[in-house]
There are 2 protein chains.
Amino acid sequence: MSTPELHQAIAASEWFRELPAELVGQLAALAQQRHLADGALLFAKGDAADGLYGLLSGRVRISATTRDGRDLLVNLFEPGDWFGEISMFDGLPRTHDARAVGASELLLIPRARFHALLAAQPVLYPHFMRMLCRKLRRSFAWIEYIAFLPMSARLAARLLELAQDYGETQADGSVLIALHLPQEELGRMLSVSRQTVSKELNALEARGWIRLDYGRVLIRQPEALEALVRGAA
Amino acid sequence: MSTPELHQAIAASEWFRELPAELVGQLAALAQQRHLADGALLFAKGDAADGLYGLLSGRVRISATTRDGRDLLVNLFEPGDWFGEISMFDGLPRTHDARAVGASELLLIPRARFHALLAAQPVLYPHFMRMLCRKLRRSFAWIEYIAFLPMSARLAARLLELAQDYGETQADGSVLIALHLPQEELGRMLSVSRQTVSKELNALEARGWIRLDYGRVLIRQPEALEALVRGAA
DNA sequence: CCGACTCTGTCAACTTGCCGACATTCTTCC
DNA sequence: GGAAGAATGTCGGCAAGTTGACAGAGTCGG
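My aim in this report is to walk through the structure given alongside it, one point at a time. Just so it is clear, the structure is predicted and the values come from calculations on it, not from any experiment.

1. Here's the deal with helix 8 (residues 194-206) of chain B
Residues and elements named next belong to chain B. Taking 1.5 Å per residue as the helical rise, helix 8 with its 13 residues ought to reach 18 Å, and the 18 Å between its terminal C-alpha atoms agrees with that figure. Regarding helix 8, the residues found buried are V197, E200, L201 and L204. The arc enclosing the buried residues of helix 8, seen along the axis, measures out at 100 degrees, which places them on a common side. Across from the buried face of helix 8, at angles greater than 90 degrees, the exposed residues are Q195, K199 and A206. Two residues or fewer past helix 8, G208 is found with a positive phi of approximately 80 degrees.

What follows is the structure, given as structure tokens:
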């Protein structure tokens, strides 16, 4: 990918939209390109930080795993997202595993260069602080959901979040979650069994709020799901 | 409190230990002092951010609350801790409620002044980024505990954390958690009922790993608790 | 030292969600 | 079009934790 194309890709990302063109240019100049095959491991929990990653195409799955094979799906990044900043800023090991879902293209801004740029351009700091704050708020919300909401409301909340990130509005106004999303995967997001997800999704479908399809979900009445979340809170 | 005393108080805090004296002085110059009576509300979730807080004496309890009165005890700060930085950096409302436990003295660094100082001294940024990263890692660990560990291991993990923060080593080598800590409060930390906490604590005591006292806990064998956490992970 | 209050232990009935098993249905790839 | 594999629906037994109730024990202030 040529430098102007890189510049374009970075400037288009939600995270760097407000950044002046000059700084985008400087970031682009630091970036290396990287390719990952489907399922390839980008980094694992405990690894030393190599740099900051930006996703150009494909998907990256962030998860926590136990020795006995259970795993928790923490995040699913799509093109335009940036991640891996935590280890960059505190110098400690990676907090999670990162794995490609489908063949993926990434940008890597290596650690040392990134810190040099930050030192030269402290204007960048508030920017990345907002990035950290956003993840913190997301974590807090998640913790509260687990603490306060019953499983059904948590599922509804998760569906709405997915619709926010991956939703495609259909002709009839309903929102299709444009993801290959088996119920087992949904279960891994909520740390709940496949069977429980299945039962609950069917209950939601019976009420006409969603429609189930093989490996995907269509949300017909987002307001009803929101009410379910709020009502339980 | 006089300015040199403030300077001293800030420099002594775990968070600002590495900060050069000059910057500590500049922070101290911005600080206002504030007193809170036992149980007084410092700020509530949803409030606009007034500033960054440092605790001089007493305790501050950070929690999330539902309309129907359940609450989740997220954090318990002690003298030397600083908090309230998230809303400062992203400009969004407070994420939690903060309430004094016992009469408390606080420092407030007002928002506008703080940002002026940051702009003048960007060296401060990496410092606060580490602060955010630390809270993020804590959140992640918590989420994983909830997802992966059974209640007993989560309780053990929480006790060890409390021992870390509030522990006083006794003559016989065991560690007393120097907090008024009713089992109900422990339950609110883990979002688990008082009865369950009671049963589990008694099981731990039966194994000789802890000793229960009225409103407090003594940890006799930290290693055993650690093994319990690790074994379940 | 006594009464009020807080904290703890315990029980039974109930709810939620897990797990294993098995049958069905849908998709994909030859 | 026909496997093979992936995803889903469903059931019953089981484990963990909740809720409400009540009794007993510890602490504190007058």
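So that's the structure; there's more coming.
2. Notes on the pairing of strand 4 (residues 71-77) of chain A
Residue and element names in this part refer to chain A. Counting buried positions along strand 4 yields seven of seven residues, so the element is predominantly enclosed. Pairing between strand 3 (residues 51-65) and strand 4: six bridges, direction antiparallel. Bridge pairing in strand 4 places T65 opposite D71.

3. Side note on the interface of chain B and chain A
Listed per partner, the contact involves 39 residues of chain B and 39 residues of chain A. Overall, the association of chain B and chain A removes approximately 3700 Å² of surface from exposure, summing both partners, and the carbon and sulfur fraction of that is 71%. Interface area lost by chain B to chain A is led by M129(B), R137(B) and F148(B), which between them contribute 19%. Summed over the shared surface of chain B and chain A, the number is four salt bridges. A salt bridge links K45(B) to E144(A); the nearest nitrogen and oxygen atoms lie 3.1 Å apart. The interface formed by chain B and chain A holds twelve residue pairs in polar contact (both at pLDDT 80 or more) in total. For the side of chain B that touches chain A, the secondary structure elements donating two or more residues are strand 3 (51-65), strand 4 (71-77), helix 3 (85-90), helix 5 (124-148) and helix 9 (222-232) of chain B. Residue contributions to the side of chain B that touches chain A peak at 18 residues, all from helix 5 of chain B.

4. Focus on the protein's contact with DNA strand D
The environment of DNA strand D is made up of 17 residues, and the closest members are Q183(A), Y214(A), M151(B), S193(B) and T196(B). Note that a phosphate oxygen of DNA strand D is positioned 2.6 Å from one of the backbone N or O atoms of Q183(A). At 2.4 Å from a phosphate oxygen of DNA strand D is found a side-chain nitrogen or oxygen belonging to T196(B). The set of elements that each furnish at least two residues to the surface near DNA strand D consists of helix 8 (194-206) of chain A together with helix 8 of chain B. Considering every element that reaches the surface near DNA strand D, the biggest residue donor is helix 8 of chain A, with four residues. Across the surface near DNA strand D, the residue classes break down as five nonpolar, ten polar and two charged.

5. Describing the packing of helix 6 (residues 151-166) of chain B against helix 8 of chain B
All names here are of chain B. Relative orientation of the contacting elements helix 6 and helix 8 amounts to 75 degrees, with a least axis distance of 10 Å. By the criterion of interaxial angle, the relationship of helix 6 to helix 8 is roughly perpendicular. Facing helix 6, whose interface residues are M151, S152, L155 and L159, helix 8 presents T196, V197, E200, L201 and L204. Residue composition of the contact of helix 6 with helix 8, by class: six nonpolar, two polar and one charged.

Each value, and the rule that gives it
Residues numbered from 1 in each chain as written. Chains lettered and ligands numbered in written order. Predicted model: local features only at pLDDT ≥ 70, side-chain atom pairs only at ≥ 80, totals over all residues. Heavy atoms only, no water. Helix = DSSP H or I, 4+ residues; strand = E, 2+ residues; numbered from the N terminus. Expected span 1.5 Å × (residues − 1). Buried < 20%, exposed > 50% of the residue type's maximum accessible area, 1.4 Å probe, protein only. Arc of directions from axis to C-beta. Pairing = 2+ DSSP bridges. Contact = heavy atoms within 4.5 Å. Buried area = accessible area lost by both parts, 1.4 Å probe. Salt bridge = Lys/Arg side-chain N within 4 Å of Asp/Glu carboxyl O. Polar contact = N/O pair within 3.5 Å; in protein donor to acceptor, adjacent residues only side chain to side chain. Near = heavy atom within 4 Å. Nonpolar A, V, L, I, M, F, W, Y, C, P; charged D, E, K, R; others polar. Axes fitted to C-alpha atoms, helices over the stretch in contact; angles between N-to-C directions. Parallel < 35°, antiparallel > 145°, perpendicular 65-115°, else oblique.

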